[in-house]
Structure formats: C-alpha cells, structure tokens
Amino acid sequence: MAKMPTLLKSFRHLLLFSLILSLSSFPTTTKSESDSDIISDLLTLQSQSNSGVIHLNDALLRRILSTPRRSFSFIVFFDAVQLHDKAELHLPTLKSEFSIVASSFITNNRETPLHSKLFFFDIEFKESQHSFALFGISSLPHIRLVNPDVKDLKNSDQLDQGDFSRLAESMAELIESKTKIPVGPIHRPPMFSTKQIAFFVVVLMIWALFAIKKIIAGETLLHDYKFWLFGAIFVYFFSVSGSMFNIIRKMPMFVADRSDPTKLVFFYQGSGMQLGAEGFAVGFLYTVVGLLLAFMTHGVDKIRNVMAQRILMVVAMIISFWAVRKVIYLDNWKTGYGVHAYRPSSWH
C-alpha cells in the first residue's frame, strides 16, 4: 500500500511529459496536414469538374490563403455572367480556352508530382465580390496567377489579354514561363463526339445507297442543266456585286443618315467604303447585261422571224446601254472619276 503514492506520482510525471511532447510537435504536424488536406480536397473538386477547373468562392479562397506553407500555385479566371453578352470582351471564348488549358495540364501531368502543384479556378463576380476586392479586380477579362510565396493577392501576377492572342496555346506558354511548370501540349476536344460520328456514318451509308441508284439512273440534280444554269448566274452575280468584299469586311446593307437618323443610306459617297445594298445594285445591273448578252448569242438565233430578231436585239442593246450608263454614273458620283470618249490621234 505504501507504493501507491509513488506509482501515482510516476504516472503523473509520465502523463505530463507526454503532454509536453505532443504540444511541442503539434504546430509542425498541423501545418503539414493542413497543406495536404487542402490539396486532397482540391484534387477531389478537380475530379468532379468536367474540365478540371474548380469553381472558387470566398470561403474556399479564405481556406487556401489560411493554409501555412502552401506548396502549390493556382490560376484564377475572373468571370461575370452579366457581361457574357458583350461581344467585345470575349469572356465565353476566353473561359473555354482557359478550360482547355486546365484539362490539357491535368491530362499531361496526371501521373506526375506536378499534378498537385498547379490548380485552375474560375470565380464569378456576383457570388464572390469580396474575393474580387482582395485581388483588386476592376475590369474584365482578367486572369491572375498566385504563386506559393504570394501573401497579398494584389501583388499576384496578371495575365493580360494581349499576352494570349493565340488563346489556349499562348496561355500555356505564359503559365510555363511564370511558374516553370510544364503544361504540355494542348488537347482540344473533337468537333464531334463518337456517337455523333457514328450517327453521321450510318446516315451517310443509307444516303449513299439511294444516291448511287439515282446516279446510275441519271436522275440527280447534277444531271439537270437548270442547276448549272442558275449556279453560273449566282457565281457571276456573287463576283460582280462585291459580295466577297462585304463578307470579309462585314459591311452592313445600309447605315443611318448622320444628319437625320430616321433616314437610311443605301449608297455611300466616297471610295473608302461600300455598303451591301450598292454592291447588290451594281451586281444586278451587271447581271442584266450578262443575261442579255447570253440571250443575244444563244436565244435570238433560234427565232425564225428576222424582224423579231432585230427588235429583240435593239431592245437588248438599249437596256444594256442603260444599265452600263447607270453603273458609270454611280462610279462617277461615288469616286469622282469620269469616263471620257477616246479617239486615236490618227483620226484627228
């Protein structure tokens, strides 16, 4: 019985020593687990995303920033759904290209330690205005790279829109240069899925059976001379009307009158600009002359009445002269250049 106080005293000393030892090792263990825990959670969120881009919010950002000795970098794409309809910002396109970079990085580094060294986030303005303020974001589009040693988010690296003119490829090059982490080749998703391709192949095979039968019988559209006739007229009109110019330059059919916005301008005076309506007008006049010329060379000779031939020839020439004169008048009004008669000097 006399030994009990001694045993209790020894047990208390052992318990106190164990407690002191556990407290002395607690901070280091917490830091290590804290970093590994957040990485584990981020990898889980990453696997749940189709593109590998994790949706960031205020709570998740606070947790990342509170992690001591953070061992990974992360890239944030700042988005605002209410600005998606502004075509000049290209937010949907840039977000899609950002997702391609993220999925390519994950695919190329899935089996390497680099997989947990770089994460991709997107954040929405309405959901996380506090996070926008922490980064000091005042305009979009905006992409930020936050390295492990960054304490103040306003000092993080900004990826300007001009730095990724080639979209995903330029983004990957910029990320590699700033993080020294290889992204790898860009893997773009195919235009059509496997099911869509299989469906198209089946439809094509079924259509081919009917097409071969029609071709052998000579009953296809390509065997109809009217198809080639109207096709030639369309190509001619498309060429002389300047439609290719209008498509490349994205010219409007008409514009509002500057002096009176209630009026529309179909013909623009000046050689530096051509509206779609005036191109179609000139193309129509040229097409009329071309069709009349084709009629005089291939249609009039089939008429047996000589007087009718002559009348049609004269009418066609008058209409052609009128159409060409209108084209010359429009060119003179638009550019200031005139067409003058020319006679050889030997005629004087």
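## With respect to the overall build of the protein
In step 1: A tally of helices and strands in the protein yields 10 helices and seven strands.
In step 2: Considering only contacts in the protein between residues 6 or more positions apart, those separated by 24 or more positions represent 62%.
In step 3: As displayed, the protein offers around 23900 Å² of accessible surface, 65% of which is attributable to carbon and sulfur atoms.

## A few points about the packing of aromatic side chains
In step 1: One pass over the full model with this rule turns up 14 aromatic pairs.
In step 2: Considering the side-chain rings of Phe-199 and Phe-200, the 6.0 Å spacing of their centres and the 55° angle between planes classify their relative orientation as tilted.
In step 3: Since its relative accessible area comes to 43%, Phe-200 is described here as partly exposed.
In step 4: The cationic tip of Arg-70 hangs over the ring face of Phe-72; the distance from NZ or CZ to the ring centre is 5.6 Å.

## Observations regarding the pattern of salt bridges
In step 1: Scanning the entire structure with this criterion turns up six salt bridges.
In step 2: Across the pair Arg-188 and Glu-169 runs a salt bridge, and its minimum N-O distance is 3.2 Å. One end of the pair, Arg-188, is in the loop between helix 5 (168-179) and helix 6 (194-217); the other, Glu-169, is in helix 5, with 19 residues separating them in the sequence.
In step 3: The class of Arg-188 is partly exposed, set by a relative accessible area of 40%.
In step 4: Taken together, the salt bridges that share partners define one network made up of Asp-79, Lys-95 and Asp-122.

## Quick notes on the confidence of the model for the protein
In step 1: Predicted confidence across the protein gives a mean pLDDT of 83, with 87% of residues reaching 70 or more.
In step 2: The spread of mean pLDDT over the elements of the protein runs between helix 1 (residues 4-48), the lowest at 58, and strand 3 (residues 118-124), the highest at 96.
In step 3: Here residues 1-5 is a poorly scored stretch, pLDDT under 50, and it has zero contacts once near neighbours within four places are set aside; other chains count.
In step 4: The model gives residues 7-12 a pLDDT under 50, and that stretch makes zero contacts with residues more than four places away or in other chains.

## Quick notes on the sheet that holds strand 5 (residues 157-159)
In step 1: Pairing in this open sheet of five strands is mixed, and the strands run 1-3-2-4-5 from one edge to the other. With partners counted over all chains shown, the strands left at the sheet margins are strand 1 (54-56) and strand 5, one partner each. Ignoring strand direction, the axes of neighbouring strands in this sheet form an average angle of 30°.
In step 2: Across the face of the sheet, helix 2 (residues 58-65) comes into contact with strand 1, strand 2 (73-79) and strand 3 while running at roughly 95° to strand 1.
In step 3: Docked against the sheet, helix 5 engages strand 2, strand 3, strand 4 (142-146) and strand 5, running at close to 165° with respect to strand 5.

## Some details on the nonpolar core
Grouped burial of nonpolar side chains is what soluble globular proteins tend to show.
In step 1: Residues Leu-42, Ile-64, Phe-74, Phe-120, Phe-121 and Phe-135 are the most contacted members of the largest nonpolar core, which totals 47 residues.
In step 2: For this core, the element with the most residues is helix 3 (residues 91-109), which contributes eight residues.
In step 3: Membership of the second largest hydrophobic core comes to five residues, among which are Val-282, Leu-285, Ala-323 and Leu-330.

About the criteria used
- Residues numbered from 1 in each chain as written.
- Predicted model: local features only at pLDDT ≥ 70, side-chain atom pairs only at ≥ 80, totals over all residues.
- Heavy atoms only, no water.
- Helix = DSSP H or I, 4+ residues; strand = E, 2+ residues; numbered from the N terminus.
- Contact = heavy atoms within 4.5 Å.
- Areas by Shrake-Rupley, 256 points an atom, 1.4 Å probe, with all protein chains shown as cover.
- Phe/Tyr/Trp six-rings, centres within 6.5 Å; stacked < 30°, edge-to-face > 60°.
- Buried < 20%, exposed > 50% of the residue type's maximum accessible area, 1.4 Å probe, protein only.
- Lys NZ or Arg CZ within 6 Å of the ring centre and 35° of its normal.
- Salt bridge = Lys/Arg side-chain N within 4 Å of Asp/Glu carboxyl O.
- pLDDT = per-residue confidence, 0-100.
- Pairing = 2+ DSSP bridges.
- Axes fitted to C-alpha atoms, helices over the stretch in contact; angles between N-to-C directions.
- Core = buried A, V, L, I, M, F, W, Y, C linked by side-chain atoms within 4.5 Å.

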